[in-house]
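Breakdown of the fold
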Amino acid sequence: MVKVGGWRKALAFRTNQWLLKLRLHAKAIRILLGTLSVLLLTWLIIRTNLRCSNPHPDWYEGKRSPPEHYCCPHFNANYELEKSGRGLGKPVSGKGVIVILGQNKPHKTYGRDSLAGLKKTVDLLYKNYNARERDDVLILHEGDFDEESQRQFTAGRPELSFMHLKDENWEVYPESIRNDDRSTWNGNWHDGYRKMIRWYAVRIWPALKEKGYKWVCRFDDDSYLLSEIPYNLFGFMEHFSLQYAYRIVIRESDWSDDKFWPFLRTYAKDRLGGKSGWMMDYCHNKNGIDDFTKANCGHFWMFYNNFFVADIDRFLQEDIQHFLRYVDDSGKMFTLRWNDLIVQSAAVQLFMDKSKVFHMTGWSYGHSSGKPDDLTQIGIVQMGRNINNQRAELNRTVTEVVGWPMHRHWDEVANIHGHLMTLAHPQVGNCCGIETFLC
C-alpha cells in the first residue's frame, strides 16, 4: 500500500529526472551547435585559403563560367595614391574632354528611353564632378539631336557641345564587307552598334586629336557617377604619369568567340617577335606566346570601358596604331562582333607599361545595360573606397539614385575585401577574402 502523499514524492522525483534530462539535452544541443559553428567557420576559412592559394584559381583551364565577370580591386588599384591626389587641378600638357555617345530615340538594342538615361548621366556627372571642374563635354550622336534638343543639355553649361559622328568616323569598314549578308555576322546587333565599337576602338583617337585634345574620358548614356571625384581626372593622369585608367574590371564574354586568341597569338608572333606585354600575367603556363590560350589563361582580363581615361597621344603612337589598323582591316569588329572592350584592353596590355595603367576605386560608379527601372541585363554598382557605411549607402544609392528595387538584388551583392560593396548582375566573381562570402 502506498502511503498518503507518496504519489506526490514519486511525481516530484520523476519531474526532477525529466528536468535533469532536458538540461543535459540542452547542454548537448548547445555543444553540438557550437561545434557546427566552429566547423562552418573553419570550412569558410579553408575554402577562402584554397581559393587564394592560386592568385587566380578561377582562371585555370578556363573553368570560370562566362557570367561571373567582375572581380576587384585589380593589381594596380591604389587608394592611398588617389587620396594624395585630392584637389589636383587641370593638366598643363593639354586639354581633356569627356565624351558620351547618346541617342535621342529609343535604344535599338535594349529598347529603353535613351534620352532619359543620357540626362541622368549628365546630371550626375555635373553633380559629382563637372560643376566644379568644368571640363569640356562632347555628346556624340548620329544626327538625331536638333538645336532644340541640344539646348536641353547646353543651357548653363557652356563647356558642353555636340559632335555628329559621320563619314569615316561612322561607317562599316572595310568597304569589302559593306554588302555582306548580315545574317552571316556573329550576333544580332545592328550596324549602328558595330559602328560604335569601331569608333571607340579605332576612330576616337585621331578624331579627338584633330579637335585639339590630349586626354579623353568616356561615359556611356547608362553610366552613373555616384559620388564625388575629388580631383581633376586629367590632372590626376598627368601628375602621376598615367596613360590609361579604368573603374571596373571585367572578364571576356563568349560573344567574342574563340578566334580572338589565335588572332592575338599570330599578331604577337608576326609583329612583336612573340612578345606579349603583360597580357599573359594571369596565364598558368607562361613559356611563350603559344601558351596564350583560353584553356591556359581563362577568360581574357579586360577593362570595363564604359568608363575610361586615356592619353590620346599614346594611342596615336605607331605601335598601338599598327595593331588597331590590323584589327580594323580584318573587319572582325563587324563580322565577329569583336567589341571595343577587348580591342582596347588588348592594346593596353600589349603595349603600355603596367605601371602607367591605373584602377580607380576611390569613388562610386554604376553602369547598366537594359531598361533603367531594374537590373535585368549586365550591370554593376560599386561603392567607392571613400564611402564609410557602404551597405547602407549601396541600398540608398541603388534605390534612390539609380532607381532599381534593391530588395530584389541583395543576393547579388558582395563585399569585396571589406571595402568595395558591389552589386553586379551577373553575380560578382569570387575574389580572395572571407568578406566576399559573408556579405
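Preceding this paragraph is the structure being described.
The present account deals with the structure reproduced in this document.

Rules of the game
- Residues numbered from 1 in each chain as written.
- Predicted model: local features only at pLDDT ≥ 70, side-chain atom pairs only at ≥ 80, totals over all residues.
- Heavy atoms only, no water.
- Buried < 20%, exposed > 50% of the residue type's maximum accessible area, 1.4 Å probe, protein only.
- Helix = DSSP H or I, 4+ residues; strand = E, 2+ residues; numbered from the N terminus.
- Pairing = 2+ DSSP bridges.
- Axes fitted to C-alpha atoms, helices over the stretch in contact; angles between N-to-C directions.
- Core = buried A, V, L, I, M, F, W, Y, C linked by side-chain atoms within 4.5 Å.
- Contact = heavy atoms within 4.5 Å.
- Disulfide = S-S within 2.5 Å.
- Right-handed = clockwise from strand over helix to strand, strands pointing away.
- Polar contact = N/O pair within 3.5 Å; in protein donor to acceptor, adjacent residues only side chain to side chain.
- Bend = angle between axes of the 7 residues up to and from the residue.
- Phe/Tyr/Trp six-rings, centres within 6.5 Å; stacked < 30°, edge-to-face > 60°.
- Lys NZ or Arg CZ within 6 Å of the ring centre and 35° of its normal.

**Let's talk about the pairing of strand β14 (residues 420-425)**
Across the six residues of β14, five count as buried, placing the element largely inside the fold. Of the strand pairs in this sheet, strand β12 (residues 379-382) and β14 are connected by four bridges, and their pairing is antiparallel. Bridge assignment links Q382 to a residue of β14, and that residue is T422.

**Comments concerning the sheet that holds strand β5 (residues 223-225)**
Spatially, the five strands line up as an open sheet ordered β5-β11-β12-β14-β13, and their pairing is antiparallel. Two strands bound the open sheet, and with one partner strand each, they are β5 and β13 (413-416). On average, each strand axis in the sheet is tilted by 20° relative to the strand beside it, whichever way the strands run. Bridge count for β13 against β14 is four bridges, and the pairing is antiparallel. In the strand pairing of β14, I416 is matched with L420.

**Things to note about the nonpolar core**
Counting residues in hydrophobic clusters, the biggest one holds 102 residues, and the most contacted among them are V216, Y244, F292, F323 and M360. Top contributing element to this core by residue count: helix α5 (residues 191-210), with 11 residues. When neighbours within four sequence positions are excluded, F323 is seen to be in contact with L264, Y267, V343, A346, A347, L350 and F351. One finds L124, L375, V398 and V413 within the second-largest nonpolar core, a separate group that totals 15 residues.

**A few points about the state of the cysteines**
Considering all chains together, one arrives at one disulfide under this definition. Each sulfur of the disulfide joining C283 and C297 lies 2.0 Å from the other. Between C283 and C297, the disulfide has an S-S torsion of 100° and is therefore right-handed. On the criterion of sequence distance, the pair formed by C283 in the loop between α7 (260-272) and α8 (294-297) and C297 in helix α8 is long-range, its members being 14 residues apart. Classification of C283 by relative accessible area gives buried; the value is 5%.

**Some details on the sheet that holds strand β10 (residues 357-359)**
Ordered in space as β3-β2-β1-β4-β9-β6-β10, the seven strands form an open sheet in which the pairing is mixed. Looking at which strands have only one partner, the edges of the open sheet turn out to be β3 (160-164) and β10. Across this sheet, the average inter-strand angle for adjacent strands is 20°, counted without regard to direction. As judged from the three bridges shared by strand β6 (residues 244-246) and strand β9 (residues 308-311), these two strands associate in the antiparallel manner. Among the inter-strand pairings, Y246 is bridged to a residue of β9, identified as F308. In this fold helix α3 (residues 114-133) packs onto β1 (95-101), β2 (136-141), β3 and β4 (213-220), with an angle of close to 155° to the strand it touches most, β1.

**Focus on the pairing of β3**
By the bridge criterion, five bridges tie β2 to β3 in an arrangement that is parallel. Bridge assignment links I139 to a residue of β3, and that residue is F162. This β-α-β element, β2 to helix α4 (residues 147-154) to β3, shows right-handed connectivity.

**Some thoughts on the side chain of R203**
Here R203 shows up in helix α5. On the accessibility criterion, R203 (14% relative accessible area) is buried. In terms of polar contacts, R203 uses its side chain to reach the side chain of N169, at 2.9 Å. For R203, the contacting residues outside a window of four places in its chain are E168, N169 and R198.

**A few points about α5**
Of all the bends in α5, the largest measures some 65° and sits at R203, one to four residues before the proline P206. Burial analysis of α5 places 16 of its 20 residues in the buried class, the great majority of the element. Of the residues trailing α5, G212 is marked for its positive phi of about 95°.

**Brief notes about the packing of aromatic side chains**
Applying the stated criterion across every chain, the model contains 28 aromatic pairs. Between W205 and F308, the ring centres sit 6.1 Å apart and the planes meet at 50°, which makes this aromatic pair tilted. Of the two residues, W205 sits in helix α5 while F308 sits in strand β9, which places them 103 residues apart along the sequence. When the centroid spacing of 4.5 Å and the interplanar angle of 25° are considered together, the rings of Y231 and F236 count as stacked. Pairwise contacts between aromatic rings join W205, Y244, Y246, W278, F303, F308 and F315 into one cluster. The ring of W189 has R337 sitting right over it, with the charged end atom 4.4 Å from the ring centre. Over the face of the ring belonging to W410 we find R391, whose NZ or CZ atom lies 4.2 Å from the ring centre.

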